[in-house]
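# Analysis of the macromolecular model
Okay, here's what each chain looks like letter by letter:
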Amino acid sequence: MKKVPIQTVTGESGVHLIERIVDEMGHIWHPAVGPDSGVDGQIELRDPATGEVRNVRLGVQSKATTGKWDRETDASFTYRPEPKDIAYWLSSNQPILLICSRDGEAYWRSVQEWARDPKARPTGYLRFNKERDRFDASASSRLFDLKAALDDWVEPPG
């Protein structure tokens, strides 16, 4: 009899949650097709007022769990990716979002913004603030401020 491990089901649930939230934001979700090597999909930014898209995309790496996150409190938690994953994400020409989810709630951080913080990056831990970093429809406009590299930026609509 064939089986699907719970980790696979949990991972797929996390990606589906991200897709639903991106739809609520009014942006376009492009899932990775076939095997992925560290990016589960892309968010194509869309001006919700005009419907205009300009082929500006953000890479997304989903990390879903059914348990507690590392160093979790009522206000925050951390996630520590493998150094090879960090190197991969930072080599991208698009901003990469790390989105952690559990039980219908999701939180996000820009890997590039985290990496530019001289105090945070050496620790190897991305700290998520549960209030500030909630990934829901209210985070939509903040996605236009993300940068892939120091010289890049995403032009907001209008």
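Preceding this section is the structure that the text describes.
In short, a report on the structure. These numbers were taken from a predicted model, which means no experiment stands behind them. (Residues numbered from 1 in each chain as written. Predicted model: local features only at pLDDT ≥ 70, side-chain atom pairs only at ≥ 80, totals over all residues. Heavy atoms only, no water.)

## Notes on the environment of Gly-38
Residue placement: Gly-38 occurs in the loop between strand 1 (28–31) and strand 2 (41–46). Overall, Gly-38 belongs to the buried group, its relative accessible area being 11%. Sequence separation of Gly-38 and Ser-62 is 24 residues, and the distance between their C-alpha atoms is 9.0 Å. Not counting residues up to four positions away in its chain, the partners in contact with Gly-38 are Gln-61, Tyr-88 and Trp-89. (Helix = DSSP H or I, 4+ residues; strand = E, 2+ residues; numbered from the N terminus. Buried < 20%, exposed > 50% of the residue type's maximum accessible area, 1.4 Å probe, protein only. Contact = heavy atoms within 4.5 Å.)

## Some words on the layout of surface pockets
Its volume calculated, the largest pocket comes out at about 540 Å³. What lines the largest pocket is a set of 26 residues, and nearest its centre among them are Gly-11, Glu-12, Val-15, Asp-40 and Ser-62. Counting residues per element, the ones that place at least two in the lining of the largest pocket are helix 1 (6–25), strand 1, strand 3 (53–64) and strand 4 (76–79). (1 Å grid on protein atoms, 1.4 Å probe; cavity = no way out; pocket = protein on both sides within 12 Å on 5 of 7 lines; lining within 4 Å. Points joined across faces, edges and corners; volume = space filled by probe spheres on them.)

## Focus: the packing of aromatic side chains
Ring pairs (aromatic) are described by centroid distance and by the angle formed between their planes. All told, the structure shown has four aromatic pairs when counted by the stated rule. Taken together, a centroid distance of 4.0 Å and an interplanar angle of 15° make the contact between Trp-69 and Phe-77 stacked. Each member of the aromatic cluster is reached from another via a ring pair, and the members are Trp-69, Phe-77, Tyr-107 and Phe-128. Above the ring of Tyr-125, the side-chain terminus of Arg-71 is found at 3.8 Å from the ring centroid. The ring of Trp-69 has Arg-102 sitting right over it, with the charged end atom 4.1 Å from the ring centre. (Phe/Tyr/Trp six-rings, centres within 6.5 Å; stacked < 30°, edge-to-face > 60°. Lys NZ or Arg CZ within 6 Å of the ring centre and 35° of its normal.)

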